[in-house]
Amino acid sequence: NCSADVFWSQIFLDATYNQKLFLQELHFESWRVLSSEERGTEVHREVEAVPKLGDLPGPLKKLLSEGAAYQERGVVDRAQQRYRLEVTPRSLASKLSISGELFTTPLGERSWRRTYVARVEARAFGLGGMIEDRLLHDIQRSYEKAAVFTNRWIAEHGL
């Protein structure tokens, strides 16, 4: 319910928006920006996050003995209105590759479609597919909740 320009310039990197999204809406245990640096039309950012594990099958709980914490290294390209990221999980770092790209497609003056292309590869014999499916499911559910939250944020802040 706003232009893509407003999303990229006033919402996506806004500290208060992100704190409320991750801590209150998505119920992460913690979420914080470790570093953020402007480089021309790009913003290079590193985030540390700890989502709640929730209900997991026993084999996954055992694999995630160090929790679900991760570091996200991303680059916002303001000119292209894209965010490219790589995630390093605390658990399974050598067995799990997660990356993605977020971009928007304008649909009208105050409307756009957000697309997130996630790439998840789990290299854990017998459990790789289960891990990939769970992560992709959790990502999709989070983005659905984030869409509702973002529209509410836009309305509350008159954007």
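Everything that follows concerns the structure shown earlier in this document.
Everything in this summary refers to the structure shown in the same document. Computed from a predicted model, the values in this text were never measured in an experiment. (Residues numbered from 1 in each chain as written. Predicted model: local features only at pLDDT ≥ 70, side-chain atom pairs only at ≥ 80, totals over all residues. Heavy atoms only, no water.)

This part takes up the nonpolar core. Membership of the largest hydrophobic core comes to 35 residues, with the highest contact counts inside it found for Trp-8 and Ile-11. Where this core is concerned, the elements lending two or more residues are α1 (4-11), α2 (15-25), β2 (42-50), β3 (70-77), β4 (82-89), β5 (96-108), β6 (111-122) and α4 (128-157). For Ile-11, the contacting residues outside a window of four places in its chain are Cys-2, Val-6, Tyr-17, Asn-18, Thr-150, Trp-153, Ile-154 and Leu-159. (Core = buried A, V, L, I, M, F, W, Y, C linked by side-chain atoms within 4.5 Å. Buried < 20%, exposed > 50% of the residue type's maximum accessible area, 1.4 Å probe, protein only. Helix = DSSP H or I, 4+ residues; strand = E, 2+ residues; numbered from the N terminus. Contact = heavy atoms within 4.5 Å.)

A word on the sheet that holds strand β1 (residues 30-39). The strand order across the open sheet built from six strands is β1-β2-β3-β4-β5-β6, with neighbouring strands paired in antiparallel fashion. The open sheet terminates on both sides in strands that have one partner only, identified here as β1 and β6. Direction aside, the axes of adjacent strands within the sheet are offset by 15 degrees on average. The pairing of β5 with β6 spans 12 bridges and is classified as antiparallel. Residue pairing in the sheet places Leu-96 in a bridge with Ala-122 of β6. Sheet strands in contact with α1 are β3, β4, β5 and β6, and its direction is about 130 degrees off that of β5. Most of the contacts of α4 go to β6, to which it runs at about 160 degrees, and overall it touches β5 and β6. (Pairing = 2+ DSSP bridges. Axes fitted to C-alpha atoms, helices over the stretch in contact; angles between N-to-C directions.)

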